[in-house]
Amino acid sequence: MTWLSQNLHIVWGLLADHLLLSVPPILLSLVISVPLGRLAAGSRRWRTPLLTGTGLLYAIPSLPLFIIIPAITGFALRSPATIITALTLYGCALLVRGAADAFASVPEDVRLAAEATGHSRWASFWRVELPLAGPVLLSSLRVVVVSTVSLVTVGAVIGIASLGTLFTDGFQRGIEASILTGIVLTVVVAVVLDALCVLAGRAVMPWRRTVAA
């Protein structure tokens, strides 16, 4: 507790850095993965290339990816853009398949009924398919949230400030309180963001509360 009270301002700063590195890739991966998942679910031609290609991204170790991205994009190695790009790719690797499964779970007769009632393809996507795919999509998004929050800590190895800095600094200096604080706060961030996803899901899918009741 003494160490924490003396370094509280540093911890708060690293917590803010961690959130700023976690939230953007989660949102970006969602925005990118939903249309790709819908394409994979609705097209046999694109399903295998999309699911295989995005799935392979997760097989790339994080540290090499952090080094590859600056070489391709021109971002600085320690730039937040580097880790956000990497984590967005990892998020898509998980979420594209989840989105494809979510849209595949929408019954075909429901899609046909939407077309028969005059819905355009765009209107059918927004008003019928996406709401029905929502529960499965939310489950996949929650996995991405936890994965992203944990992977942010790896960036500390190449000098990107986050709660992972408490790990590296604590190990180097032999400060157990620093390591424990980093672990606890990383878990707390993951739990809080996961809870926010659940609350957001309830807000945009209110009919699920009615079904559950």
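The shown structure was predicted, so the numbers you read here are calculated from the model rather than taken from an experiment.

How each quantity is defined
- Residues numbered from 1 in each chain as written.
- Predicted model: local features only at pLDDT ≥ 70, side-chain atom pairs only at ≥ 80, totals over all residues.
- Heavy atoms only, no water.
- Salt bridge = Lys/Arg side-chain N within 4 Å of Asp/Glu carboxyl O.
- Helix = DSSP H or I, 4+ residues; strand = E, 2+ residues; numbered from the N terminus.
- Buried < 20%, exposed > 50% of the residue type's maximum accessible area, 1.4 Å probe, protein only.
- Polar contact = N/O pair within 3.5 Å; in protein donor to acceptor, adjacent residues only side chain to side chain.
- Contact = heavy atoms within 4.5 Å.
- Axes fitted to C-alpha atoms, helices over the stretch in contact; angles between N-to-C directions.
- Parallel < 35°, antiparallel > 145°, perpendicular 65-115°, else oblique.
- Left-handed = near helix turned anticlockwise from the far one by under 90°.
- Nonpolar A, V, L, I, M, F, W, Y, C, P; charged D, E, K, R; others polar.
- pLDDT = per-residue confidence, 0-100.

Asker: Please clarify how the pattern of salt bridges should be interpreted in this entry.
Answerer: If charged atoms from side chains of opposite charge come close, those side chains can pair. Taken as a whole and judged by the stated rule, the model has four salt bridges. Two residues, arginine 47 and aspartate 101, come together in a salt bridge whose shortest N-O distance is 3.9 Å. Taken together, the residues arginine 47 in helix H3 (residues 44-57) and aspartate 101 in helix H5 (residues 80-104) connect sequence positions 54 residues apart. The exposure class assigned to arginine 47 is partly exposed, which follows from its relative accessible area of 29%. The exposure class assigned to aspartate 101 is partly exposed, which follows from its relative accessible area of 37%. Between aspartate 169 and arginine 173 there is a salt bridge whose closest N-O contact spans 3.1 Å.

Asker: Any chance you could explain the side chain of serine 162 here in plain terms?
Answerer: Its location among the elements puts serine 162 in the loop between helix H7 (121-152) and helix H8 (164-173). Within polar-contact distance, the side chain of serine 162 engages the backbone nitrogen of glycine 164 at 3.1 Å. Ignoring any residue separated from it by four or fewer positions in sequence, one finds serine 162 in contact with Leu14, Asp17, His18, Leu21, Val152, Thr153 and Ala156.

Asker: Is there a simple way to explain the packing of helix H4 (residues 62-73) against H5 in this structure?
Answerer: Geometry of a packed helix pair, given as the angle between the helix axes and the separation of the axes. Where H4 contacts H5, the two axes come as close as 9 Å, and the packing angle between them is 120 degrees. When the interaxial angle is binned, H4 and H5 end up oblique. Of the two elements, H4 crosses H5, and the hand of that crossing is right-handed. Residue-level contacts link Ser62, Leu65, Phe66, Ile69 and Pro70 of H4 to Thr82, Ile83, Thr85, Ala86, Leu89 and Tyr90 of H5. Looking at the contact of H4 with H5 residue by residue, the classes come out as eight nonpolar, three polar and no charged.

Asker: What am I meant to see in the packing of helix H6 (residues 108-116) against H7 here?
Answerer: The interhelical angle for the contact between H6 and H7, taken along N-to-C directions, is 160 degrees, at an axis separation of 10 Å. Compared by their axis directions, H6 and H7 come out roughly antiparallel. For H6 against H7, the interelement crossing comes out right-handed. Judged by residue contacts, Val110, Arg111 and Ala114 of H6 engage Ser124, Val128, Glu129 and Leu132 from H7. When its residues are assigned to classes, the contact of H6 with H7 shows four nonpolar, one polar and two charged.

Asker: Would you explain the confidence of the model for the protein chain in this entry?
Answerer: Parts of the prediction with low pLDDT should not have their coordinates interpreted in detail. The share of residues in the protein chain with pLDDT of 70 or more is 96%, and the mean pLDDT across the chain is 89. Across the protein chain, the secondary-structure element scoring lowest on mean pLDDT is helix H10 (residues 207-212), at 53, and the one scoring highest is helix H2 (residues 8-42), at 94.

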